[in-house]
Amino acid sequence: MSYVFSPAPVVSVPVVGRGERFPVHRIYCVGRNYEEHAKEMGFTGREPPFFFMKPADAIVVVNAGETGQLPYPSLTANLHHEIELVVAIGKGGKNIQAADALAHIYGYAVGLDMTRRDLQNDMKKQGRPWCIGKGFDASAPIGPITPAAQAGDVVNAPIWLQVNGADRQRSTVAQLIWNIAETIEHLSAAWELQPGDLIYTGTPEGVGAVVRGDTLEGGVEGLTPLRLTVV
Ligand code: MN
């Protein structure tokens, strides 16, 4: 096989305790999946789950113990943080039932669904796609993936984000409206999941803006924390 130019490298994420990396296929995101966040966005938190996507190469990998760099994106004056539990799919499938969903999970990571909130709000008002608000370059920072067997009680884990050392978001994964298994059931009814898919499962309340020079540090108990500076 030859190509007219060199193909882009495979996007991948390190795996805790292993030399091999997790190759990324797609990035799915769940909208408004914590009730208090849905309310702060002006909704009730009682809707069916809905999804949007980011390109796989929107990933910014931050290794354990490192402080990553998050480039402030163009066209926005309101860049928001959304700390999220990320589910890494190891076994694909369509129409996966919630009762079978955990067998499809390779592991978990801490991620940020960075959002150009001003552009997203403009698109919402006009009934247009969210891509420019959600799917921009470097919009999906992520830490190393912990294999499911070593991740502890992710379903009930505390989740938090601090900016410059001060709490912005603090909740628990137990507050998800649509839990991990239900999310996989709904998502796999709409798309055939593939090994390498990542699911950003939604953010709790407390989203807000960051500016250049801010340091974000977020975590989900039992997983490698994520730390970045906005540049
Ligand atoms: Mn989100």
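Scroll up to find the structure this text is about.
Residues numbered from 1 in each chain as written. Predicted model: local features only at pLDDT ≥ 70, side-chain atom pairs only at ≥ 80, totals over all residues. Heavy atoms only, no water.

Peer 1: Quick question: what am I supposed to make of the coordination of the manganese ion here?
Peer 2: In an ideal octahedron of six donors the angles at the metal are 90 or 180 degrees, and in an ideal tetrahedron of four donors they are 109.5 degrees. Glu82 (OE), Glu84 (OE) and Asp113 (OD) make up the full set of protein donors to the manganese ion, lying at 2.0 to 2.2 Å. Of note, the donors binding the manganese ion are all from one chain and are spaced E-x1-E-x28-D. Highlighted residues: Glu84 in strand β8 (residues 83-89) and Asp113 in the loop between β9 (105-112) and β10 (115-116), separated in sequence by 29 residues. (Donors = N, O, S within 2.8 Å, 3.2 Å for Na, K, Ca; no water. Helix = DSSP H or I, 4+ residues; strand = E, 2+ residues; numbered from the N terminus.)

Peer 1: Looking at this structure, I do not really get helix α2 (residues 117-126). What am I missing?
Peer 2: Count 3.6 residues to each turn of an α-helix, and residues three or four apart come out pointing the same way. Buried residues of α2: Arg117, Leu119, Gln120 and Met123, and no others. Along the axis of α2, the buried residues cluster in a sector spanning 160 degrees; they form a single face. In the core, the buried residues of α2 are packed alongside β7 (79-81), β10 and α3 (131-134). (Buried < 20%, exposed > 50% of the residue type's maximum accessible area, 1.4 Å probe, protein only. Arc of directions from axis to C-beta. Contact = heavy atoms within 4.5 Å.)

Peer 1: How should the sheet that holds strand β6 (residues 68-70) be read in this particular structure?
Peer 2: Strands pair in a sheet through their backbones, by hydrogen bonds, and they do so in one of two ways: parallel or antiparallel. Within the open sheet, the five strands sit side by side as β6-β18-β17-β13-β14. Their pairing is mixed. A single partner strand is all that each edge strand has here, and the edge strands are β6 and β14 (166-172). Between one strand and the next, the sheet's axes are offset by a mean angle of 20 degrees, whatever the strand orientation. In terms of strand pairing, strand β13 (residues 158-163) meets strand β17 (residues 215-220) through five bridges, oriented antiparallel. Bridge pairing in β17 places Leu161 opposite Gly218. (Pairing = 2+ DSSP bridges. Axes fitted to C-alpha atoms, helices over the stretch in contact; angles between N-to-C directions.)

Peer 1: In this structure, what is going on with the pattern of salt bridges? I would like to understand it.
Peer 2: Once the charged atoms of two side chains with opposite charge are near each other, the side chains can pair. Scanning the model with the defined rule gives eleven salt bridges in all. Across the pair Glu20 and Arg18 runs a salt bridge, and its minimum N-O distance is 3.1 Å. On the basis of relative accessibility, which here comes to 46%, the residue Arg18 falls in the partly exposed class. Of the charged contacts, one joins Arg46 and Glu35 as a salt bridge, the two residues approaching to 3.4 Å between their closest N and O atoms. Residue Arg46 is located in the loop between α1 (35-40) and β4 (51-54), and its partner Glu35 is located in helix α1; the two are separated by eleven residues in the primary sequence. Through salt bridges with shared partners, a single ionic network connects Lys54, Glu82, Asp113, Arg117 and Lys134. (Salt bridge = Lys/Arg side-chain N within 4 Å of Asp/Glu carboxyl O.)

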